[in-house]
Amino acid sequence: MMSRGKFLWTLVPAAALLVHCGGVELEDIEGEDLGPYAERMPWAEFMATSSMGTVAGVAESTACTTAAIRGLSDQIVAEMNCIRPGLMSRIDGANISLTSAAALPYLQAPAARALAEATRGRSPLPINSTLRSVAQQWILYFWYRTGRCGVRLAAPPGRSNHEDGLAIDTSAYASWKSTLERHGFRWFGSGDPVHFDYHSGVDARGVLAFQRLWNRNNPGDRIAADGIYGPQTEARIRRSPRTGFPGRQSCQ
Ligand SMILES: [Zn+2]
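Residues numbered from 1 in each chain as written. Predicted model: local features only at pLDDT ≥ 70, side-chain atom pairs only at ≥ 80, totals over all residues. Heavy atoms only, no water.

A. Structural context of the overall build of the protein. For the protein, the helix and strand inventory stands at 8 helices and 9 strands. The buried share of the protein, reckoned over its 252 residues, is 53%. For the protein, the accessible surface area stands at approximately 10700 Å², while carbon and sulfur atoms represent 54% of it. (Helix = DSSP H or I, 4+ residues; strand = E, 2+ residues; numbered from the N terminus. Buried < 20%, exposed > 50% of the residue type's maximum accessible area, 1.4 Å probe, protein only. Areas by Shrake-Rupley, 256 points an atom, 1.4 Å probe, with all protein chains shown as cover.)

Right, dumping it as structure tokens:
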């Protein structure tokens, strides 16, 4: 039995949806409302982020895209697979179209297999968000707190089901709902209509993955590798290079 260790993060616990099944506890309360926040911005705006060296620089730029930290996000996903080998599987072989450059093409392996089966033989399923790194979630939450980029509600880092690779967002939820539900994806409902959660999985330990990655690359500034998101971790996420840490990363 694996508890995800995520906490209720809304002020309306009565609205909580707690799902216990298959060894995971999904807590995704009021959903998220990321609004029209770009991830689809013009190329010139995307290029504007290339002058931003850090995650904080990307968050404070006007480009409004977490795609700009793809290099760092890929390293965090690789570290998740170091902690639990084989945890995340690529989904870009499924019959989907990723409609955002920021969407990391991974889900936990059983969810990825279910998605491939669900989408077979139909027109491609458009997906705007899948797995998110803790650094991407930090940016979304920063935008939410500071009223940027049209984000109306975002979960704090470490508390979104997207960080576990167990959730997808699709704008085509109405036509896909019954098919996805037959394959184990639960529709969140009208509070976050684009959002589906896969019914089971494990804690992907994305915060721990970031902490390990940071410590390996910053031996003079190590932080607790406890998997708990707090001010120490947040400060290092802000300072992390958006393109990832230099050099080839290994699991050691
Ligand atoms: Zn979602």
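B. Region of the structure containing the coordination of the zinc ion. Every protein donor of the zinc ion is accounted for by His162 (NE2), Asp169 (OD) and His195 (ND1), and the metal-donor separations fall at 2.0 to 2.1 Å. If you list the donors of the zinc ion from N- to C-terminus, the spacing comes out as H-x6-D-x25-H. A residue pair is termed long-range when its members are at least 10 positions apart, and His162 in the loop between helix 5 (134–146) and strand 7 (167–169) and His195 in strand 9 (residues 195–198) qualify at 33 residues. Considered together, His162 and His195 belong to a single accessibility category, that of buried residues. (Donors = N, O, S within 2.8 Å, 3.2 Å for Na, K, Ca; no water.)

C. Fine view of unusual backbone geometry. The backbone of Cys149 sits at a positive phi, close to 60°, despite the residue not being glycine. Residue classification places Cys149 among the buried positions, given a relative accessible area of 16%. Although it is not a glycine, Arg205 sits at a positive phi angle of roughly 60°. Tracing the chain through its elements places Arg205 in the loop between strand 9 and helix 7 (206–217).

D. Structural detail: the sheet that holds strand 7. In spatial order, the strands read 7-9-8; together these 3 strands make up an open sheet with antiparallel pairing. What marks the edges here is a single partner per strand, and that holds for strand 7 and strand 8 (185–187). Put simply, the sheet's adjacent strands are angled 30° from each other on average, direction ignored. Sheet topology places strand 8 next to strand 9; 3 bridges connect them, and they run antiparallel. Looking at strand 9, one finds that Phe185 is bridged to Tyr198. Along the sheet, helix 6 (residues 173–182) makes contact with strand 7, strand 8 and strand 9, crossing strand 8 at roughly 140°. (Pairing = 2+ DSSP bridges. Axes fitted to C-alpha atoms, helices over the stretch in contact; angles between N-to-C directions. Contact = heavy atoms within 4.5 Å.)

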